[in-house]
Amino acid sequence: MTVSPAHTAPTAPTATTVTTGGALPGGEYDVTIVGAGVVGTAIARELARLPLRIALVDASDDVGDGTSKANTALLHTGFDAVPGSVESRLVREGHLLLSAYAAATGIPVEPLGALLVAWDAEQLAALPGLAEKALRNGYRSARIIPAEEVRAREPELGPGALGALDVPGESLICPWTTTLAYATQAVRAGVELHLNCRVLGVTSAEVHTVATGRGPLRTRYLVNAAGLYADEIDRLLGHADFTVTPRRGQLIVFDELARGLVRHILLPVPGALGKGVLVSPTVYGKVMLGPTAEDLDDKTDTGSTAEGLALLREKGRRILPALLEEEVTAVYAGLRAATGNDDYAIRAHPEQRYVTVGGIRSTGLSASMAIAAYVVELLADGGLPVAGARDLEPLRMPNLGEAFPRPYRDAELIARDPEYGRIVCHCERVTRGEIRDALASTVPPGSPDGLRRRTRARGGRCQGFYCGPAVRALFEEARR
Ligand SMILES: Cc1cc2nc3c(=O)[nH]c(=O)nc-3n(C[C@H](O)[C@H](O)[C@H](O)COP(=O)(O)OP(=O)(O)OC[C@H]3O[C@@H](n4cnc5c(N)ncnc54)[C@H](O)[C@@H]3O)c2cc1C
C-alpha cells in the first residue's frame, strides 16, 4: 500500500511513501536503515535533512513495534552510565536533544525527578559513589538526601528507607509518540518507509543488494539498527564482534487510581543485572512496577511469568505497600538487547559503507537523537556526502499525556469538530476524532495495537473489553 497524500494528515506537506506490501520500488538508495525502532527512526529523521534517497525498512507492520514499544519510558540523564563510555556521552547528549525536541513537537514529558532509595546499610554506603559517578558523567544536580526528606517527599513509601540520591533531571516520556514523531518527520521529508519488509541477506559489492521478504533492495550505504537482531544482520556482513542476549523485563501497570500514591520515579540502587526494579508513574496517568532482568535464549519471548510477577510484587510491596492494593491494568514485557559489554556496540565499517548500531540496551530511547547524530557523523567519515542539509518542517504530535490538555476536555475543539467529543474508549477517554486522525496520519497503524500506541484506545482498565469491537470496526473501515 502506498499512502497517497489524500490519506495523510492534512498538514503533510508532500506526497509520502509508506509501503506495507508488494515489490519494493526500484532504483538505488543512498542509505538504507534496517530497523524502525526508536533508534532507526531517529537515524532516518537525521538523514532526512540531506538531499539523499533514504529507505527505512522493518520486518514488522509498524514502526516502534520491537523493544521500543515496551520499556519503562524514562528519559534518563545518564547519571549512572559507565563514565567515559559511548553510552554515557550519547545518553547525556540525547537527554538534552530529546527534551528540546519533545517540547517542540508535543511529545509528553513529565520532569518528576528520581529518588534512588537506599533500603539497607550497603545501599546507603553506595550513594556517595553514585553521586560521584553522576559528576563524572557530567551530571551536577544529584545530591544525597536523608531519610526524613525522602519520607516527606514520598509519604507512601514503605518503612525502612535510609536515604536517597535525588536526581531531579530524570523524566517520564511517551515512548510511542517519540518513535512516531521521528518516523513522521522522516517520511514527510522524503524517507521511504517499507514495512513488512524483513531483511534476509546482504550481498555487498560496489552497491549492497539487500534481500528482503519483499524482493531485493539496492543501497550504497547500510545502517543496521535491528535491535535484538543487530548481531544477526552484522553476521550477514561478515562481522561477529558481539552477540545479543535478550534480557527480558516484565512490568506490571497499575490503574490510574494509584497515581496519587507516588510523586517521583522511585529507583533502586543498581545491581549487577542493571537498573533493578522501580516504581514510576507513566505519562498515561498510571503507575508502573518493574522491570525484571532475565537473560533468555528466545528473542521473541515477551511473555509474562508467574515467577516474574511474584518477584515484582514482592519488591513493590517493600517500596510502596499501598500500590499492591490497587487494581492491575496490564502486564507486559520487553527485551533488552544485552551484549555482555558495558557499552553500546556502535561500529563503523567505512570500507563496506556500513554502520552497525548494536547493543542499545536500557537507554536507547533517551539516547536516540544523539545516536542518530553520531551515526550520521560515522557515515560522513565513511564518505557519505552530507552537503546541502536543510531544516525539517516542524511537527506537532497529538498529545497522549494525562498531564496535558486532551481533546475530550477541550470545549472549543469539540465545538469546531464534534468528533472530538465522541468518546470511543471510555477508560482512556479516547475520542473518534483522535482515532480518525491516527488512521489518516502520515504513518498509519498496521493493527489495532498500533492504533493504541497512537491514541491509547484499548489501553485502559478494561483492556478493550468494552470498546474493542468499536475500535476494530473503525480500524477495518479505514483500511477498506
Ligand atoms: C524493560 C525495558 C525497559 C527499558 N527502559 C528504558 C527507559 O526507561 N529509557 C530508555 O531510554 N530506554 C529504555 N529501554 C531501552 C530502550 O527501549 C531500547 O534501547 C530501545 O527501544 C532500542 O531501540 P532499537 O530501535 O534499537 O530497537 P527496537 O525497538 O527493537 O527496533 C529494532 C527494529 O528492527 C526490526 N528488525 C529486526 N530484525 C530485522 C530484519 N531482519 N529486517 C527488518 N527489520 C528488522 C524489528 O522489527 C524492530 O522494529 C528499556 C528496555 C527494556 C526492554
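Data block above holds the structure.
Quick caveat, the model's predicted, so the values are computed rather than measured.

Criteria and cut-off values
- Residues numbered from 1 in each chain as written.
- Predicted model: local features only at pLDDT ≥ 70, side-chain atom pairs only at ≥ 80, totals over all residues.
- Heavy atoms only, no water.
- Helix = DSSP H or I, 4+ residues; strand = E, 2+ residues; numbered from the N terminus.
- Contact = heavy atoms within 4.5 Å.
- Core = buried A, V, L, I, M, F, W, Y, C linked by side-chain atoms within 4.5 Å.
- Buried < 20%, exposed > 50% of the residue type's maximum accessible area, 1.4 Å probe, protein only.
- Near = heavy atom within 4 Å.
- Polar contact = N/O pair within 3.5 Å; in protein donor to acceptor, adjacent residues only side chain to side chain.
- Areas by Shrake-Rupley, 256 points an atom, 1.4 Å probe, with all protein chains shown as cover.
- Nonpolar A, V, L, I, M, F, W, Y, C, P; charged D, E, K, R; others polar.
- Phe/Tyr/Trp six-rings, centres within 6.5 Å; stacked < 30°, edge-to-face > 60°.
- Lys NZ or Arg CZ within 6 Å of the ring centre and 35° of its normal.
- Axes fitted to C-alpha atoms, helices over the stretch in contact; angles between N-to-C directions.
- Parallel < 35°, antiparallel > 145°, perpendicular 65-115°, else oblique.
- Left-handed = near helix turned anticlockwise from the far one by under 90°.

Structural notes on unusual backbone geometry
In step 1: For the bond from Gly 290 to Pro 291, the omega torsion is -5°, close enough to zero to count as cis.
In step 2: Looking at the element boundaries, Pro 291 is found in the loop between β17 (287-290) and β18 (294-295).
In step 3: Positive phi is not limited to glycine here, since Asn 196 has a value of about 50°.
In step 4: With respect to the helices and strands, Asn 196 occurs in the loop between β10 (192-194) and β11 (199-204).
In step 5: One non-glycine residue with positive phi stands out, namely Arg 429, at about 55°.

Here we look at the environment of Tyr 182
In step 1: Looking at the secondary structure, you find Tyr 182 in helix α5 (residues 175-188).
In step 2: Between the C-alpha atoms of Tyr 182 and Asp 65, which are 117 residues apart in sequence, the distance is 14 Å.
In step 3: Leaving out residues up to four positions away in the same chain, Tyr 182 has contacts with Val 38, Thr 41, Ala 42, Arg 45, Leu 98, Tyr 101, Ser 368 and Met 369.

Observations concerning the nonpolar core
In step 1: Counting residues in each nonpolar core, the largest one holds 58 residues, and the members touching the most others are Ile 43, Leu 47, Val 357 and Ile 371.
In step 2: Secondary structure elements with two or more residues in this core: β2 (28-34), α1 (38-47), β3 (54-57), α2 (86-105), α5, β13 (215-224), β21 (354-358) and α8 (364-381).
In step 3: With eleven residues, the top contributor of residues to this core is α8.
In step 4: Formed by 25 residues, the second largest nonpolar core is a distinct cluster that contains Leu 127, Ile 265, Val 269 and Met 288.

A word on the site of the ligand
In step 1: Near the ligand, the surroundings consist of 37 residues, among which Asp 58, Ser 68, Thr 72, Ile 360 and Ser 366 are the closest.
In step 2: Measuring from a nitrogen atom of the ligand, one finds a backbone N or O atom of Val 199 at 2.8 Å.
In step 3: Contacts to the ligand include Ile 360, whose backbone N or O atom sits 2.8 Å from an oxygen atom.
In step 4: Surface burial for the ligand is 95%, taken as the share of its 1000 Å² of free accessible area covered by protein chains.
In step 5: Classifying every residue of the shell around the ligand gives 18 nonpolar, 15 polar and four charged.

Digging into the packing of aromatic side chains
In step 1: For the structure on display, the rule yields two aromatic pairs.
In step 2: Pairing Trp 176 with Tyr 284 gives two aromatic rings, centres 4.8 Å apart and planes at 15°, and the pair type is stacked. Linking Trp 176 in helix α5 with Tyr 284 in the loop between β16 (278-281) and β17, this pair joins segments that are 108 residues apart in sequence.
In step 3: For Tyr 284, a relative accessible area of 11% gives the class buried.
In step 4: Over the ring of Tyr 374 we find Arg 89; its NZ or CZ atom is 4.9 Å from the centre of that ring.
In step 5: Over the aromatic face of Tyr 420 sits the side chain of Arg 436, whose NZ or CZ is 5.3 Å from the ring centroid.

A few points about the packing of α1 against α8
In step 1: Running from N to C, α1 and α8 point in directions that differ by 45°, and their axes come no closer than 8 Å. Here α1 lies oblique to α8, going by the angle between them. α8 is crossed by α1, and the crossing has right-handed handedness. Residues Val 38, Val 39, Ala 42, Ile 43, Arg 45, Glu 46 and Leu 47 of α1 pack against Gly 364, Leu 365, Ser 368, Met 369, Ile 371, Ala 372, Ala 373, Val 375, Val 376 and Leu 379 of α8.
In step 2: The class makeup of the residues in the contact of α1 with α8 is 13 nonpolar, two polar and two charged.

Focus on the side chain of Arg 45
In step 1: For Arg 45, the position within the fold is in helix α1.
In step 2: With a relative accessible area of 7%, Arg 45 lands in the buried category.
In step 3: At a separation of 2.6 Å, a polar atom in the side chain of Arg 45 contacts the side chain of Gln 185.
In step 4: Those residues in contact with Arg 45 that lie beyond four places of it in its chain are Tyr 101, Tyr 182, Gln 185, Ala 186, Met 369 and Leu 392.

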